[in-house]
Amino acid sequence: MKLDNCIFCKIANGEIPSRTVYEDADFRAILDLGPATKGHTLILPKEHAANLYELPEETAAKVLPVAKKIAALMQEKLGCDGLNLVQNNGEVAGQTVKHFHLHVIPRYEGDGQTILWKPTEPAAEELDGVLAKLK
Ligand code: AMP
Ligand code: ZN
């Protein structure tokens, strides 16, 4: 299903032009217009899903192989030194476009980007409490 007012639906299905790095029956991977680094790519499913929660399992299973192809491309063609996969769900997590997308961000020595979090120091009981909830 496509959403009429969703820009990534339109891009993924070729209704709006994009700098397409890779395309198959299920996905289009495009250059991000506001890249963190040279080659920052977004993998978009052609079917609309707002986020990971809505993404069908079979699409979820296909997305990482696509990321692997793009990762290889970035290493071979752009000579990146490393790579981050980032996938934001919900505003609190930094999601700005409500159509699932996986960021593939090549990293270069000295690129000046920080895609990191600030580690906390929970007590063992707190970790155990979280584990008990998740099990
Ligand atoms: P997120 O914050 O995870 O929702 O990421 C949205 C990403 O989409 C950002 O990195 C934007 O730079 C990028 N973006 C937004 N609109 C477009 C567009 N029309 N074409 C390419 N990238 C876009
Ligand atoms: Zn959409």
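The preceding data block contains the structure.
Because the structure is a prediction, the values reported are computed rather than measured.

Q: Outline the coordination of the zinc ion (ligand 2), supporting the account with residue identities and numerical values.
A: Octahedral metal centres with six donors ideally show angles of 90 or 180 degrees, and tetrahedral centres with four donors ideally show 109.5 degrees. Protein ligation of the zinc ion (ligand 2) involves C6 (SG), C9 (SG), H48 (ND1) and H99 (ND1), the donor distances falling in the range 2.0 to 2.3 Å. Here the zinc ion (ligand 2) is ringed by four donor atoms whose angles at the metal span 104 to 115°, and the overall shape comes out tetrahedral. Mapped onto the sequence, the donors of the zinc ion (ligand 2) take the spacing C-x2-C-x38-H-x50-H. With a gap of 51 residues between them, H48 in the loop between β3 (41-45) and α2 (57-78) and H99 in the loop between β4 (82-86) and β5 (102-107) connect regions that are remote in the sequence. Comparing H48 with H99, the two get one shared label, buried.

Q: Explain the side chain of D32 residue by residue, including any values.
A: Within the fold, D32 resides in the loop between β2 (27-31) and β3. Put simply, D32 is tucked away with no salt bridge, and the nearest opposite charge, on R19, sits 9.9 Å away. Apart from the residues lying within four places of it in its own chain, the contact partners of D32 are H40, T41, L42 and H103.

Q: Mind laying out the pattern of salt bridges, listing which residues take part and the relevant values?
A: Under the criterion given, the structure shown has six salt bridges. A salt bridge links E23 to K46; its shortest N-O distance comes to 2.7 Å. In this pair, E23 is assigned in strand β1 (residues 20-23) and K46 in the loop between β3 and α2, connecting sequence segments 23 residues apart. In this structure, K98 engages E91 in a salt bridge whose closest nitrogen and oxygen atoms are separated by 3.3 Å. One network of salt bridges, with partners in common, ties together E23, R28 and K46.

Q: Please give an account of the site of ligand 1 that cites residues and values.
A: Residues in contact with ligand 1 amount to 16 residues; listed here are only the nearest, D32, G94, T96, H101 and H103. G94 has a polar backbone atom sitting 2.8 Å from an oxygen atom of ligand 1. Residue assignment for the shell around ligand 1 shows that the elements contributing at least two residues are α1 (7-12) and β2. Looking at which element gives the most residues to the shell around ligand 1, the answer is α1, with three residues.

What counts, and at which threshold
- Residues numbered from 1 in each chain as written.
- Chains lettered and ligands numbered in written order.
- Predicted model: local features only at pLDDT ≥ 70, side-chain atom pairs only at ≥ 80, totals over all residues.
- Heavy atoms only, no water.
- Donors = N, O, S within 2.8 Å, 3.2 Å for Na, K, Ca; no water.
- Tetrahedral: all angles 85-135°; square planar, octahedral: opposite > 155°, others 65-115°.
- Helix = DSSP H or I, 4+ residues; strand = E, 2+ residues; numbered from the N terminus.
- Buried < 20%, exposed > 50% of the residue type's maximum accessible area, 1.4 Å probe, protein only.
- Lys, Arg positive; Asp, Glu negative; His and termini not counted.
- Salt bridge = Lys/Arg side-chain N within 4 Å of Asp/Glu carboxyl O.
- Contact = heavy atoms within 4.5 Å.
- Near = heavy atom within 4 Å.
- Polar contact = N/O pair within 3.5 Å; in protein donor to acceptor, adjacent residues only side chain to side chain.

Scope: geometric values only; no functional claims are made or implied.
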